[in-house]
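Structural description and commentary
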Amino acid sequence: MQQRLYIKKLMMDLSSLQKGQQAKIKGIKEECPYEIKQRLLDLGFVDGAAIRIQNISPLGDPIAYEIHRTLICLRKEDAPYVRIEIKEGNNDDK
Amino acid sequence: MINSACDNCELNPNANLKRLGESAGEAHYTIALAGNPNTGKSTVFNALTGLKQHTGNWPGKTVTRAEGRFAYQDSTYKIVDLPGTYSLLSTSEDEEVARDFILFGKPDVTVVVVDASRLERNLSLALQILEITDKVVLCLNLMDEAARHGIHIDVRTLSKDLGIPVVATSARQKEGISELLAAIRQVATGTFNTKKQQYVHFTGHSGEAVEDISWQLAQLDPSLPNTQWLAMRLIEGDAHIANALNKGDISPHIKDTHAEAILQEAHAYQEQIGNEYRDKIVEAIYTRSNKLVKDTVSSDLSSRSFRIDRTIDNIVTHRFWGFPIMLILLGLVLWFTIIGANYPSELLSTLLLEQLYPLLKTAAGALHLPWWLDGFLIDGVYLATAWVIAVMLPPMAIFFPLFTLLEDFGYLPRVAFNLDSLFKGAGAHGKQALTMSMGFGCNAAGVVATRIINSPREKLIAIITNNFSLCNGRWPTQILIATIFLGALVPKQWAGTVSMLAVVFIAVLGIAFTFFTSWLLSRTLLKGESSFFTLELPPYRPPRFLQTIYTSLIDRTLIVLWRAIVFAAPAGAVIWLISNIDIGNQSIALWMIEGLDPIGILIGLNGVILLAYIVAIPANEIVIPTILMLTTMVLGNTSMGQGTGVMFEVGDAEVATLLHTAGWTTLTGINLMLFSLLHNPCSTTIYTIYKETGSGKWTTVATILPILYGIIVCFLVASVWNYLH
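Please read all numbers here as calculations on a predicted model, not as lab measurements. (Residues numbered from 1 in each chain as written. Chains lettered and ligands numbered in written order. Predicted model: local features only at pLDDT ≥ 70, side-chain atom pairs only at ≥ 80, totals over all residues. Heavy atoms only, no water.)

1. So, the packing of aromatic side chains
Residue and element names in this part refer to chain B. Applying the stated criterion across every chain yields a total of 14 aromatic pairs over all chains. Both rings, one in F409 and one in Y540, keep their centres 4.8 Å apart while their planes meet at 35°; by these two values the pair is tilted. Taken as a pair, F409 in helix 15 (residues 371-409) and Y540 in the loop between strand 10 (534-537) and helix 22 (545-580) lie far apart in primary sequence, 131 residues in all. Here F409 falls in the partly exposed class, since its relative accessible area comes to 24%. Residue Y540 is classed as buried on the basis of its relative accessible area of 2%. Taken together, the ring pairs connect F468, F513, F516, W519 and Y709 into an aromatic cluster. Above the face of the F306 ring, R310 is positioned so that its terminal group lies 4.6 Å from the ring centre. The side chain of R414 reaches across the aromatic face of Y540, ending 4.1 Å from its centre. (Phe/Tyr/Trp six-rings, centres within 6.5 Å; stacked < 30°, edge-to-face > 60°. Helix = DSSP H or I, 4+ residues; strand = E, 2+ residues; numbered from the N terminus. Buried < 20%, exposed > 50% of the residue type's maximum accessible area, 1.4 Å probe, protein only. Lys NZ or Arg CZ within 6 Å of the ring centre and 35° of its normal.)

Laid out in structure tokens, this is it:
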């Protein structure tokens, strides 16, 4: 039970990811337009991929994510298409 | 001829590499070069062919296919550099070019260039290509960088796992090129027997569907090497591939009725599986890629250079420091360019104008050339060309290498990252930040650089607005006029600062016009929202100073300079002709000046300036000398200048006296600076716009729009000015 609470995972989308959090991608949402979905998949936004925020643009948008050891920038309006699962209590920013 | 053992030995291949550049003729083997954007494909291409494709540290440099040739041992090879793509599954233009060539061009070998430090994502493309053909060599490029980032790759295991030759290279250092050549040859000649295997295993409904269609295709034509991939595409509903199958382009045994039946089944599967299908395919590819990486790559995430990259990123994209750093770097580049260009410019103008020019005149005299031929050739064509070289070459030779260093280092994509939000607001693309900065060097080069923007609408916006980046050819005009008319208004010790600030103001105004025009176009002629934007931030690479200076001189400076000369020489001829051919009692030039004067005065300029801008369309550099020459002619002042229709240069003080005598006021100076920012692009740029857009309509818009701005802005400023005075 206790163990369960420790690894409590939250299902959400990429727009709710905070800097310093680690997350796993849980697929692309159905409402995502086909062309965007294609591009996201091509860039490696696939089920199971680890993702975290590397940098936020000085104007708050876009955000550079580290995924498959590359830095990919997405604009704010496109981030919600990506479903993620946040690993809580895992601050790996050190 | 008897070859020694060494000549045939595959361990001594470099001795047998002959780079043949673009030379034509039949080749024994055709090689395709594929890979993710920004993996050093162009560098590998250059290393093999000896050609000089422009390379730079940002994704998407190679858009159209480049071809080159080389001879190696006893065979000749044609090598085709395909556009960099992340995948072959989508329907973008780049990917279709790459995919069609690998599928229909049937290259003997496909070299997949991958970035060794980002293997996971890169292997995904390699696996897709392996689905189409097994005649593949995997080139693990940028090994030096991978090593710097503490990444170690077990090349032999990777080669064994994939069943193809895997070669580690650092193409920038020319390391591993001989091994790459040997591997290409082995695959081309069949010495290395690449093993066809099933690389990716699809599971679930999608897997069954692919297997079924693939089996049916194999039944009809057992020789097809890529049935699984074809099946994947057909179920996905790729109309392009379906069409090719129907026409028998893919296999002569499968067309018409056979093809029709298979297509129908594929379609049925598509309906059945629906949206999930594509996700599953890509997931399967990444699962395989992950596994390969896990088995063969060990990396040290805490390595020093990895941390350095992160630290630099944290600084240059910082919430407070990001923008100041950008402005300071731009300021430094411009400052070095303006200050640094002074001395060589003077040297060149002394050499070409003060020493060579009189020599040519004397020689012409000795040869008894008729006065009109002498004037036309030496005072017209030669002087205009010499001017362009003296004024344009030094700043370009400084600006482009500096810019290339920043580009090579990897800083420019970070600028796009910082500015994207502003461009998005204007309905434009974040990468326009890069093409805009490039425009400060040369608008023609900036227009060419818009190729990195993949959405046609946003690319057009970037092309049309590039002219608002104050280019090198216009900086001298700005600085001279600011010094004479604005610097002179304040006490001497402030003069330099005030004129510099005035010039920077004009440059920033240009940026404002870029945003405004992008916004305006997005709401009128080029309606639309800013399209889906992704940008990859490449790893930083230590810049190579000497090589950068060399290649940017060859690639950019000389090419741009050459085009400018091609256009400036005829302009010189025209200027001389209109000043020396009389209609009635005065020259054509005088008639034109008189005709243009009323319009000129209305917008706070004068007829001379307008005529100078008309004849100086070929090159902004010759505006000032043309103005001086025409002014002297109008005044009939023979104490200055060197004759009718002869361009010349004199010191700032003399220019000031001359222009004040001709009735120029502070308003004329201010408006000339504004007009120099807001007028039609030079003919080199117009021609480049036409070549890039292939459209007369958009070329016209890009030409007319800035001039309209110029007239409106100058008219408003003049009206306000006259009202206040």
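2. A closer look at the side chain of B:S159
All names here are of chain B. Tracing the chain through its elements places S159 in helix 6 (residues 155-162). Engagement of the side chain of S159 in a polar contact is seen with the backbone oxygen of I164, the distance being 2.8 Å. Each residue touching S159, except ones within four places of it in the same chain, is listed here: I164, P165 and V166. (Polar contact = N/O pair within 3.5 Å; in protein donor to acceptor, adjacent residues only side chain to side chain. Contact = heavy atoms within 4.5 Å.)

3. Some points on the packing of helix 19 (residues 456-465) of chain B against helix 28 (residues 683-693) of chain B
If you want to describe how two helices pack, look at the angle between their axes and the distance between the axes. Residues and elements named next belong to chain B. Closest axis-to-axis distance for the helix 19/helix 28 pair is 11 Å, and the angle between their directions is 175°. Looking at the two axes, helix 19 sits roughly antiparallel to helix 28. Two secondary-structure elements touch here, helix 19 through K459, L460 and I463 and helix 28 through I689, E692 and T693. Looking at the contact of helix 19 with helix 28 residue by residue, the class counts come to 3 nonpolar, 1 polar and 2 charged. (Axes fitted to C-alpha atoms, helices over the stretch in contact; angles between N-to-C directions. Parallel < 35°, antiparallel > 145°, perpendicular 65-115°, else oblique. Nonpolar A, V, L, I, M, F, W, Y, C, P; charged D, E, K, R; others polar.)

4. Concerning the interface of chain B and chain A
With 48 residues of chain B in contact, the opposing surface of chain A contributes 37 residues. When chain B packs against chain A, the two sides together hide about 3800 Å² of surface, and 52% of this comes from carbon and sulfur. For chain B, the biggest contributors to the area lost against chain A are B:R310, B:F417 and B:F532; these three give 18% of the whole. Our count for the contact surface shared by chain B and chain A stands at 5 salt bridges. In this structure, the salt-bridge partner of B:K424 is A:E77, at a minimum N-O distance of 2.9 Å. The interface formed by chain B and chain A holds 21 residue pairs in polar contact (both at pLDDT 80 or more) in total. When residues of the side of chain B that touches chain A are traced back to their parent elements, those giving at least two are helix 4 (119-132), helix 12 (276-296), helix 13 (304-316), helix 14 (322-366), helix 16 (412-425) and strand 10 of chain B. Ranked by the residues each element gives to the side of chain B that touches chain A, the list is headed by helix 16 of chain B, at 7 residues. Among the residues making up the side of chain B that touches chain A, the classes are represented as 15 nonpolar, 18 polar and 15 charged. Of the pairings in the sheet, the one linking strand 5 (residues 70-74) of chain A to strand 10 of chain B comprises 4 bridges and is antiparallel in character. Bridging from a neighbouring strand, A:L74 pairs with B:T534 of strand 10 of chain B. (Buried area = accessible area lost by both parts, 1.4 Å probe. Salt bridge = Lys/Arg side-chain N within 4 Å of Asp/Glu carboxyl O. Pairing = 2+ DSSP bridges.)

All quantities given are derived from atomic positions and should not be read as evidence of function.
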